[in-house]
Amino acid sequence: MKASNDTNKEVYRPEDSFVPILKGAATIDQKKQEAYDRNLRVFFLDGKKHDKPVSTDIYPLWQARSLAGRGEEEKTEPASEEQLDLSGRKALQILSQQLAVYLEAHTLFLNRLKKAITGLEGLIRLEGGGADAGIDHLDFAADLISFDKIRSIAIDTVSSHLPASRVKRLKWALKILSDAKQRYTGGNIALFCTERFAKTLDLAQVIEANWIKKVPDQLCQQAQRQSANAVKSFVQTMSALKMGELMVEQTYEEDVHDAYFDTYDRKRLSEEDLRFLPVTIVVEESKNLLQHSSSFLRLLSNNSFIKVLALNWLDDLYLLADQEEADYLELASLVIFRRNSFVYQGGFEQPDHFSVAIQKGLDFPGAVFWNVLAVEGTKEESLSRLPEIQAAIASRYFPELEYYARGNHFDFHQLKLDGNPSPGEPLASIEQFIREGDKSTGRIFSLNPAAFLAMRAEAREQLMLLPSDYETERLLPLAEYLGLSSEETSGRIPFIWMVDKENVLQRAAIPLHWLQKCRSRFEYWRFLQSIAGMNQAHRQATLAEARIKWEEEKNIALESQKTLLKEQFEKEKSSILQEGITKMLYGFVYEDKLEEVLREVPPAQVSQAVPTTPEELGNQQQPVKAQTKTEAAEPELAAPASPEAWVESDECTSCKDCIVALPGVFKYNEDKQAYVHDPRGGSFAEIVKAAEKCPSRCIHPGAPLNKKEPALDKWIKRAEKFN
Amino acid sequence: MERVKNHKIMFESNQDFCTVPTVDVQYGLDDYGKGVARWCPGCGGHSILATVQRVCKDLQYPPEKTVAVSGIGCSSRFPHYMGTYGFHGLHGRALPVASGIKFRRPDLNIFVVTGDGDCCSIGAGHWVHALRYNMKMVVLLFDNGIYGLTKKQTSPTSPLGTHSNTHPTGSVLPPINPLQTTLGFTNVSFLAQTTDWNAGHLYATIKKAAEHPGLAFVRIVQRCPVFMKELYGDVASDPDNLLLLQHEEGIQLKPKKVRAFAHVLEHDPADMSKAREYADISDKIPIGLFYQNKSCPRYDEYGAHNLGMSIADKKQGIETLLDNYTISKS
């Protein structure tokens, strides 16, 4: 159906209205259901509840587009026959084709085996044959010389003197290689499947019969066992091959190689060697694999080389019960998180993708998991289902992904989502031209998971068409609805766009359990994006939060700093004023009295009652002291300490301590006694320390000149006794 | 006698006995210094060195007429740091060397620098007789109570119980009191005590000693910040530990400097018995002039007398001889 010229605007057609029949899954919470129902009004146009299903001629937009071909602006090539086969057999056909290509490596390996075998047989012949074998070609001279003489010379020249241990190894290698040659003839491939699977898909038609290994049950365990044995024998084969090649080239040395080959194990296999590994493949339906999930996951363990091809049927996607839906649809991520495999998930909507993925998987030196979406049934039945497959993938219901493990660490860049449309966006979208009146405008419609679900005719019964004038402000397209939080979506109704048989756009409300499925798929897609490095939302949110926090802290720190600086400024201002006043006062003080004023030690009494004996001295000590104390109480001039540091040079003992410690402040005068030449030549703390160290206590630190020095209070206190 | 008379007549007019006109020289402090003193930081030796240099400068001793004589010890590094003549002699032999110099060259100004080990231990014998001979010189005893140069051995003046390399558990003998010992010698003419950390008093004491006509023995209580930190460390920082001996005949300090002392004792330096009494004070360090007697006989004078020349005449004769080597501007 193509968009016709007389397409109207979204018009409410009374005859198309219906009463909704909401079919919810039994597990949905009743309360949630009621709440959801309250948001919708049931329209009773004719007073009765209609339980007729919605017309099957109404399709989700996506499906309508594909049914009508493409939009006017898009042209496509006609689909080839190859592309149209979406059945499970197609997957196996592609696998078979790739295996045939891959077998070339096995053929190379087989040639190498044969060459080694030939060489080894030659060696054995020389050794085992002994003298007789060597002498055969000397028969012509039999009558001329005796055999004894010949034997004595012949052995040295034509047969090999190999040590016994080497011969033993040689024989062992030959045996191993011969067995391997048998296995590799025709390709050393084992494809495990259940008997039922083989029968259903008629596997023998697509895969070489000698590759198929049918098992009645315990598929994974059997495959694992076989793979383990295959790997073990491959290790033996490689060991024998390398040993044989060394022997044939005559470069085998016992003292080096014996120990090497005695301990030869799978760790010694290089990546190139692994190309020749026997291939073990398991094919099965993914829902069956899921039932034995632990044995399935064990298949893909760290030491495994097994390749698993899981088929997902399209119809199963519709019918999944909610509990198993997450497991089923997220099977690939279970394997990805083992961080050791190659994983591919996708369908056939891009036919090259799958064959390339098979090729990559076969070349990958480890476990592989291909999770493919196909249509159950024959090729003919699958023909018409392409839009659904495309919708399943494009709507993020079954997104395409490719994961390639490198080494042993999980690097999100190895997860690729490039096969999906708009891989960087939450949802893919299409542009559709809508005719409104005379003009046609392009509108963007998103491909959401509900659109995929609505493609199934039976599923459409669960939708409810909404009249065009129905509470437009409460309606929200599903794509927007999914992106909002629960607070923002309260009271809103999600809808999807449908197109009726007359190409008129209609809105349809989706049931609650559809909404839950869509939300689950949407969130899974966002999760995949974040692992692939495309969804930075969480990171950006964390960064924004951290930025806000940092700004807040910064502001607080700034404020406190401002307050502190203000206080310091006030303090300094007042101290500078004080200094100025002090200096002014000094101007009024005579110089000769200045020294006395600055000295704290009061003058001792000498003239009266001076003791002349030690006893008198002892008796008078207290009175003398008392006198000095009284004198101290009445100083001649009460003047504050000098603002700058100074030295009583007369008292200087020239010990050089202060000169050495603080040459910027102290110097010797012409009498080799210290004086302060620059009071700012050192910090106040340093000057106080010099005063403390001075043996004659002739350094007077004064007051600090730089008020910004740290811990000034402490130093002023220490300077008190020297001022 | 006639000869002397002639000399007297000839050179009487010349004050410093040099007949050749020379340029007036004013000696500065640098003229008495040489090199960098390598004593430990905080050693009292720095202070004494600077003071001696200052005294020499103030008295305008010609450096070439000044000799510093020492024995062995930290103190005895002294002559190396003086820009004068010097003699760094053997351990304990500073005094006999100085005596010899003085006897032959009465015109030289001699500073004898000795230590508590050099003077009171190995040099004790010379100590007795140097004092008795009373030849004009200034003897400075750097008493730090330890053998410092050899890294802490007990000396005769180490306080009882001093832990050292020779007495790890503490010294067992009471120390010598150099003041008492000196005052016990016959013919002692000058005894003073001072400290290295009191620059004013140190200067006044050494200057007084330099002006004394005979042997001026000065005991300088010296700090050793490395090996005897505990001995005078706190004492030096507390002026209350000093007792100033004050007298008009004693060491003269400016009144304001005297006022800085908490304890002052009036003492006449002519009073020997008091001097001996004050020499025994142990709870404080008495500083000042203990004893002075300018009339004690001097051996250098005797020597001069025996030669029929007074010291002044002798000096004159020497100067005349040395005039031949005087470098003059003209």
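Residues numbered from 1 in each chain as written. Chains lettered and ligands numbered in written order. Predicted model: local features only at pLDDT ≥ 70, side-chain atom pairs only at ≥ 80, totals over all residues. Heavy atoms only, no water.

### Considering the overall build of chain A
Heads up, the condition is: Numbering of helices and strands runs from the N terminus; a helix is a DSSP stretch of H or I covering at least four residues, while a strand is a stretch of E covering at least two. Any residue under 20% of the maximum accessible area for its type is buried, any over 50% is exposed, and the rest in between are partly exposed; the area is computed with a 1.4 Å probe on protein chains only. Contacts are residue-level and defined by heavy atoms, with any inter-residue pair within 4.5 Å sufficient.
Each helix and strand counted, chain A has 28 helices and 19 strands in total. Looking at chain A as a whole, 44% of its 723 residues are labelled buried. Residue pairs in contact within chain A that sit at least 24 positions apart in sequence constitute 74% of those at least 6 positions apart.

### As for the overall build of chain B
We count it as follows: Working definition of accessibility: Shrake-Rupley area with a 1.4 Å probe, residue cover restricted to the visible protein chains.
Looking only at helices and strands, chain B has twelve helices and eleven strands in total. Within chain B, the proportion of its 330 residues that are buried is 55%. When the accessible surface of chain B is totalled, it reaches about 14500 Å², and 55% of it is carbon and sulfur.

### Observations regarding the sheet that holds strand β2 (residues 85-88) of chain B
All names here are of chain B. For clarity, the cut-off: Paired strands, as defined in this entry, are two strands with at least two bridges between them according to DSSP. Note on geometry: axes are C-alpha line fits, over the in-contact stretch for helices, and angles between N-to-C directions span 0 to 180 degrees.
Within the open sheet, the nine strands sit side by side as β2-β1-β3-β4-β8-β7-β11-β9-β10. Their pairing is mixed. The two strands at the open ends of the sheet, each matched to only one other strand, are β2 and β10 (263-266). The mean angle between the axes of side-by-side strands here comes to 20°, regardless of whether they run parallel or antiparallel. When strand β3 (residues 109-115) meets strand β4 (residues 137-143), the two strands line up parallel, connected through five bridges. If you follow V112 over to β4, its bridge partner there is V139. Across the face of the sheet, helix α2 (residues 44-59) comes into contact with β1 (66-70), β3, β4 and β8 (215-221) while running at roughly 165° to β4.

### Quick notes on the pairing of β8(B)
All names here are of chain B. To keep it simple, the criterion reads: If the strands point away from the viewer and the path from the first strand over the helix to the second runs clockwise, then the crossover is right-handed.
Within β8, seven of the seven residues are buried, leaving the element largely enclosed by the surrounding structure. Where strand β7 (residues 190-195) and β8 come together, five bridges link them in parallel fashion. The partner of T194 across the bridge, within β8, is I220. Regarding topology, helix α7 (residues 199-211) serves as the crossover connection from β7 to the parallel β8, and that connection is right-handed.

### Topic: the pattern of salt bridges
To keep it simple, the criterion reads: A side-chain nitrogen of Lys or Arg and a carboxyl oxygen of Asp or Glu constitute a salt bridge if their distance falls within 4 Å.
Summed over the entire model, instances satisfying the criterion amount to 29 salt bridges over all chains. In this structure, E319(B) and K65(B) form a salt bridge, with 2.3 Å as the shortest nitrogen-oxygen distance. Of this pair, E319(B) sits in helix α12 (residues 311-322) while K65(B) sits in the loop between α2 and β1, placing them 254 residues apart in sequence. Neither E319(B) nor K65(B) differs from the other in exposure class; each is buried. Here the salt bridges do not stand alone but share partners, grouping R196(A), E285(A), K287(A) and D316(A) into one network.

### Description of the environment of D118(B)
Residue and element names in this part refer to chain B. Here is the rule: Side-chain atoms alone can form a polar contact between residues adjacent in sequence; in general such a contact is a pair of N or O atoms within 3.5 Å, and within protein one must be able to donate a hydrogen while the other accepts it.
Position of D118 among the secondary structure elements: in helix α4 (residues 116-120). On the basis of relative accessibility, which here comes to 2%, the residue D118 falls in the buried class. With 42 residues separating them in the primary sequence, D118 and S76 have C-alpha atoms 8.7 Å apart. The residues contacting D118, other than those within four sequence positions of it, are G71, I72, L90, H91, G92, R93, A94 and G123. At 3.0 Å, the side chain of D118 and the backbone nitrogen of I72 are in polar contact.

### Re the confidence of the model for chain A
As a reminder, the rule being used: In predicted models, pLDDT denotes the confidence assigned by the predictor to each residue on a 0 to 100 scale.
Per-residue confidence for chain A gives a mean pLDDT of 76, with 75% of residues at or over 70. Considering only residues more than four positions removed or in separate chains, one finds that residues 70-79 of chain A, a stretch of pLDDT under 50, has seven contacts.

### With respect to the sheet that holds strand β6 (residues 342-346) of chain A
The mixed open sheet is built from eight strands, whose spatial order is β3-β2-β4-β5-β7-β6-β8-β9 (chain A). The open sheet has two edge strands, β3 (212-215) and β9 (415-416) of chain A, and neither has a second partner.

### Side note on the packing of aromatic side chains
The way to describe two aromatic rings as a pair is by their centre distance and the angle between their planes. Let me state the cut-off plainly: The rule is short: rings of Phe, Tyr and Trp, with Trp giving its six-membered ring, pair when the centres are within 6.5 Å, and they are stacked under 30 degrees, edge-to-face over 60, tilted in between. When the NZ atom of lysine or the CZ atom of arginine is within 6 Å of a ring's centre and also within 35 degrees of its normal, the charge is said to sit over that ring.
Taken as a whole and judged by the stated rule, the model has 27 aromatic pairs over all chains. Plain terms: the ring middles of F296(A) and F369(A) are 5.2 Å apart, the flat faces sit at 55° to each other, and that makes the pair tilted. Note that F296(A) is positioned in helix α12 (residues 293-299) and F369(A) in strand β7 (residues 368-374), a separation of 73 residues in sequence. Under the relative-accessibility criterion, F296(A) is labelled buried at 1%. For F369(A), a relative accessible area of 0% gives the class buried. Seen in terms of ring centroids, Y344(A) and F354(A) are 6.1 Å apart; in terms of plane orientation they differ by 45°. Their pairing is tilted. Note that Y344(A) is positioned in strand β6 and F354(A) in helix α16 (residues 351-363), a separation of ten residues in sequence. Put simply, the rings of F109(A), Y184(A), F234(A) and F276(A) touch in pairs and so form one group of aromatic residues. In this arrangement the basic side chain of R507(A) is found over the ring face of F495(A), its NZ or CZ atom lying 5.7 Å from the centre. Sitting above the plane of the F103(B) ring, K314(B) keeps its charged end 5.4 Å from the centroid.

### Some points on the pairing of strand β15 (residues 505-509) of chain A
Residue and element names in this part refer to chain A. Burial of β15 is extensive: five of the five residues sit out of reach of the surface. Burial along β15 is two-sided: L505, R507 and A509 facing one way and Q506 and A508 facing the other are all buried. Bridge analysis of strand β12 (residues 464-466) against β15 gives three bridges, and the strand direction is antiparallel. Along β15, the bridge assignment pairs L465 with A508. Of the pairings in the sheet, the one linking strand β14 (residues 493-499) to β15 comprises five bridges and is antiparallel in character. Within β15, the residue paired with F495 across the bridge is A509. Once β14 ends, the chain turns through five residues before running back antiparallel as β15, passing N503 with a positive phi of about 60°.

### Remarks on the packing of helix α27 (residues 684-693) of chain A against helix α28 (residues 712-719) of chain A
All names here are of chain A. The condition that has to hold: Oblique is the label for every angle not falling under 35 degrees (roughly parallel), over 145 degrees (roughly antiparallel), or within 65 to 115 degrees (roughly perpendicular). Left-handed describes a crossing in which the near helix is turned anticlockwise from the far one by less than a right angle; the clockwise case is right-handed. Here the term charged refers only to Asp, Glu, Lys and Arg, the term nonpolar to Ala, Val, Leu, Ile, Met, Phe, Trp, Tyr, Cys and Pro, and the term polar to all other amino acids, Gly among them.
Between α27 and α28, the least distance of the axes is 10 Å, while the angle of their chain directions is 25°. Judged by the inter-axis angle, α27 sits roughly parallel to α28. The handedness of the crossing between α27 and α28 is left-handed. Mapping the contact onto sequence places F684, A685, V688, K689 and E692 in α27 and L712, W715, I716, R718 and A719 in α28. A class-by-class count of the residues in the contact of α27 with α28 yields seven nonpolar, no polar and three charged.

### Points about the packing of helix α6 (residues 164-184) of chain A against helix α9 (residues 254-262) of chain A
All names here are of chain A. Axis separation between α6 and α9 bottoms out at 12 Å; the angle between their running directions is 40°. In terms of their interaxial angle, α6 and α9 are classed as oblique. At the point where α6 passes α9, the crossing takes the left-handed sense. The segment α6 lies against α9, with S165, R166 and R169 engaging E254, D258, F261 and D262. Looking at the contact of α6 with α9 residue by residue, the classes come out as one nonpolar, one polar and five charged.

### Description of helix α8 (residues 229-237) of chain B
All names here are of chain B. Let me state the cut-off plainly: The directions from the helix axis to the C-beta atoms form the arc being described.
Those residues of α8 not exposed but buried are L231, Y232, V235 and A236. Seen end-on, α8 carries its buried residues on one side only, within an arc spanning 100°. Exposed and facing more than 90 degrees away from the buried side of α8 are K229, E230 and D234. Against β4, β8 and β11 (285-292) lie the buried residues of α8.

### Thoughts on unusual backbone geometry
Across the chain, the bulk of peptide bonds are trans and the bulk of non-glycine residues have phi less than zero. Residue and element names in this part refer to chain A. Residues other than glycine seldom take positive phi values, yet D202 does so here, at roughly 50°. Inspection of the secondary structure puts D202 in the loop between α7 (195-200) and β3. Although it is not a glycine, Q250 adopts a positive phi angle of roughly 60°. Overall, Q250 belongs to the exposed group, its relative accessible area being 65%.

### A closer look at the nonpolar core
Let me state the cut-off plainly: Put simply, a nonpolar core is a bunch of buried Ala, Val, Leu, Ile, Met, Phe, Trp, Tyr and Cys residues held in one set by side-chain atoms that sit within 4.5 Å of each other. What fixes the domain bounds is an automatic or database domain assignment.
Counting residues in hydrophobic clusters, the biggest one holds 127 residues, and the most contacted among them are L92(A), L95(A), L203(A), F296(A), L317(A), W370(A) and F452(A). No other element matches the nine residues that helix α22 (residues 512-531) of chain A contributes to this core. Two domains each put at least three residues into this core: domain 1 (14-22 + 31-69 + 422-535) and domain 2 (88-134 + 157-416) of chain A. Setting aside residues no more than four positions away along its own chain, L95(A) makes contact with L191(A), I281(A), V283(A), L309(A), I358(A) and W370(A). Formed by 50 residues, the second largest nonpolar core is a distinct cluster that contains L140(B), I206(B), V218(B) and I287(B).

### Description of a nonpolar patch on the surface
All names here are of chain A. In plain terms, the rule: Patch membership is restricted to residues that have no salt bridge and whose relative accessible area is over 30%. Joining uses 9 Å for like charges and 5 Å for the nonpolar side chains Val, Leu, Ile, Met, Phe, Trp and Tyr.
Taken together, the side chains of I581, L585 and F588 make up a nonpolar region of the molecular surface, amounting to roughly 370 Å² of accessible area. One can find F588 in the loop between α23 (537-586) and α24 (591-598). The exposure class of F588 is exposed, given its relative accessible area of 69%.

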